[in-house]
Every structure is written in structure tokens, then in C-alpha cells.
Amino acid sequence: MKLFIPGPVTVKEDVLNQMATALIGHRTQDASQLQESITRKLQKLMYTKNEILLSTTSGSGLMEGTIRSLTKKKAAVFSIGAFGDRWFKMAKVNNIEADKFSVPMGEATTPKMVEDALKTGEYDLVTITHNETSTGVMNPIYEISEIVKKYPDVIFCVDAVSSLGGVKIPVDELGIDVCITSTQKCLGLPPGLAICSISDKGINRAKGIGPRGMYLDLLSIYEYLKKKHYQYPSTPNLSLMFALDYQLGKILDEGLENRFNRHLEMANYVRDWAKENFDLFADENHLSNTLTTIKNTKEISIKDLNKKLETRGFLISNGYGDLKEKTFRIAHMADTTLDEVKELLNVIEEFL
Ligand SMILES: *Cc1c(COP(=O)(O)O)cnc(C)c1O
């Protein structure tokens, strides 16, 4: 089955096989070396000198850990869909002060919205969804970062779960304090690990904060990693770490610019196809490079389409939540190629 859903994605067989590597002790030098190798490669992919932390959760784990460990006064959560809403909910259930700033579905957060919120002085942490997987919108992260940089006391957190590895996110240049992703989307791995970079500013903020929980406390993970030379307080997902280390090597071998261009090429192709056959759902100025949300203007049954596609070995996604039958989503991320995208679209046309 070729997966064109926004995670989990199809994983190459050689990458999958890495998960069958014989296990090592998590308190050995080999474990430290594995983490250190992963860290060096992720720092290249993220264009950062910041420390890298892993968590044996999916991406949501580090999203919750971040908002809980680093908000002192109040968080400004900018939501453009389901995953922005999730970050707000995480704040609320953890008793973290937070306000949510939303836009209509299909639109992006504007730099002005961020400026208006931050200039009140009420907030000391901002969360941005870089690429909203429910709507197919990619936020203008460069413009937003220019605003956040004007407020040095604000911690800048970015959910890059469905974009890191498919789109360039220069973490240090953008001044991102915590950049979060997980393994099962653009990185092309099975689910089971969350990944983040964290700045010194982020670490210092956590030091001044009361109860931060335990398993997802970014400061405890960081301090343990520093003290015990790249090991974790609890047993990490070593099998997936072998695969991550290997796959990051492949990503760097492909060349980051090549990889990002391949994603853009696939996106352009799907967008053109969507405009010819249906319509695009998202604001055309802020389209995602890693997935396309298509307006179901022909009012076909997405459920039936997917059933037919399954018989040919493909799977796409219906719309998210209320958009279930009103839109459908085609992910073009990780190791998917333009030829595979063309193959899928040809089969869809056949069924149409
Ligand atoms: C998938 C996704 C998440 C949630 O990640 P999990 O790894 O499933 O916990 C968060 N944000 C975005 C933008 C996503 O696409």
C-alpha cells in the first residue's frame, strides 16, 4: 500500500529493517553515541546549534511538554485548525494560562495578529503551527518570526510536525526556541518518537517554572542528557533511534535543497491537478508544500473513492473534522516521488 495520508507515511524497506537491529543497553556508550549521531544530523536538518531532545511519544507529547514546561505568564496560541486547537487544549488541561487566536479554516496566521497580541505584554510564549495538516495551510513563518524577535522575553514555539524534513526551517535564523516534529511524517519513519530542538533561552525559562510534570518535562530531559552524556532519564525507543539515525543519513545524502525542491515539485503538480479537476481549499498565498487539501467541488464520495483506491494499493485522506466529505487531502511528503504522485492522480482520474 502506498500511503498518501499525512502520516504515517510509507517507509522504505531498508529503513524499516533498521528497526530489527539487535538491541543495546540504554546506559552504554553505544547508546550515547547513537543519540549524539542523531543530534548532529538533526542539527543540520534544522539549521541549528541548539540541543536536540527526543521523547518516546508521538509529536503531541513534546507539544504538551513544551507548553507546560515553558509558559510562565501566559501563552498566546495561534490556531489555524485542528492542531493549533490541540495546543490550546493542552494548555487548558494542564492549568496553563493561555489565549487562542484563530482564523477561519483555510487561512493563515498573520504577522499583524501576532504583533497585536504580543504588544499587550500579556504573553511570554507563542505557539505557531508551521504547517496545519487539517487545512493544508503553511503559515508565513519568516514574517511571523520577524515580529516575535522584537519581543526577547517571549519563547517562540513551532509545531513543525508535518513540515520538518520537507520544507526548510532554519531554526536559528528564525529565532525558534522550540521546534517540534515527529517521526511518521516528512521524516519518513514509523511513528513513535517526538523530536525537538531547544534553545538556551527555553531551558532558562523552564528553570523558573513551578510544577512541570515529569515524563514530558523538557528541563529534566535536557539536564539528564547533559549530565549523562546523551542518555535519557527513562528507556528510549532505541529501535526507532537506529532507524532515525539511518534515515537522517539518507536525508542528508539526498541533499536538503534537493529534498525541499522535490516536495515543492510534488506540491505544484498536485495543486495544478486540483485546480483542473476540483479546486483548492486553502488560501493560495499560503499553500502547504507537504500536503494539499482539495475542495470536493464534484461532491464525490471520498469514502468510496478511497475504497476504490485501496484496491489499487493507494490510500488518501478525507477532510478533517467538519470537512470530512467537503474536502480530501493528498499528502506528498517524506520519500514519495513525483512519479508516484502522478501514478496516484492518474488512478483517481480513472475513477472520476
Ligand atoms: C500529526 C500532527 C500533530 C500530531 O503529531 P502526533 O505525532 O500524531 O502526535 C501535530 N501537529 C501537526 C501539524 C500534525 O500534522
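What you see is a predicted model; the values in this text were computed from it and never measured. (Residues numbered from 1 in each chain as written. Predicted model: local features only at pLDDT ≥ 70, side-chain atom pairs only at ≥ 80, totals over all residues. Heavy atoms only, no water.)

### Examining the UniProt feature "binding site: substrate" (unreviewed entry) in the protein chain
Per the UniProt record, "binding site: substrate" (unreviewed entry) is annotated on Arg 329. Take Arg 329: it is sitting in strand S15 (residues 327-331). Those residues in contact with Arg 329, other than ones at most four positions away along the chain, are Phe 4, Pro 6, Thr 133, Ser 134, Leu 291, Thr 292, Thr 293, Ile 316, Ser 317, Asn 318, Gly 319 and Tyr 320. (UniProt positions renumbered as here; feature names shortened; annotations may be inferred. Helix = DSSP H or I, 4+ residues; strand = E, 2+ residues; numbered from the N terminus. Contact = heavy atoms within 4.5 Å.)

### A short note on the UniProt feature "domain: Aminotransferase class V" (unreviewed entry) in the protein chain
The positions UniProt marks with the feature "domain: Aminotransferase class V" (unreviewed entry) are residues 24-320. Taken end to end, residues 24-320 is 43% helix and 17% strand, and its first and last C-alpha atoms sit 40 Å apart.

### Brief notes about the sheet that holds strand S9 (residues 178-182)
Pairing within the open sheet is mixed, and its seven strands lie in the order S2-S10-S9-S8-S5-S3-S4. Both outer strands of the open sheet, strand S2 (51-55) and strand S4 (98-102), are each paired with one neighbouring strand and no more. Within this sheet the neighbouring strands show an average axis-to-axis angle of 20°, counted without direction. Relative to strand S8 (residues 155-159), strand S5 (residues 125-129) runs parallel, the two sharing five bridges. Across the sheet, residue Thr 129 finds its bridge partner in S8, namely Asp 159. In the packing of helix H9 (residues 218-227) onto the sheet, the strands contacted are S2, S9 and strand S10 (194-198), and the crossing angle to S2 comes to about 115°. (Pairing = 2+ DSSP bridges. Axes fitted to C-alpha atoms, helices over the stretch in contact; angles between N-to-C directions.)

### Brief notes about the sheet that holds S15
The antiparallel open sheet is built from four strands, whose spatial order is S11-S12-S15-S14. Where the open sheet ends on each side, the last strands, each with one partner, are strand S11 (279-280) and strand S14 (317-318).

### So, the site of the ligand
Close to the ligand lie 15 residues, the nearest being Ser 58, Ser 60, Thr 133, Asp 159 and Lys 185. Between the ligand and Thr 133, the relevant distance is 2.4 Å, taken from an oxygen atom to a side-chain nitrogen or oxygen of the residue. One nitrogen or oxygen atom from the side chain of Gln 184 is found 2.9 Å from an oxygen atom belonging to the ligand. Surface burial for the ligand is 92%, taken as the share of its 380 Å² of free accessible area covered by protein chains. Broken down by secondary-structure element, the contributors of at least two residues to the shell around the ligand are helix H3 (59-70) and helix H4 (82-93). Tallied by class, residues from the shell around the ligand come to three nonpolar, nine polar and three charged. (Near = heavy atom within 4 Å. Polar contact = N/O pair within 3.5 Å; in protein donor to acceptor, adjacent residues only side chain to side chain. Areas by Shrake-Rupley, 256 points an atom, 1.4 Å probe, with all protein chains shown as cover. Nonpolar A, V, L, I, M, F, W, Y, C, P; charged D, E, K, R; others polar.)

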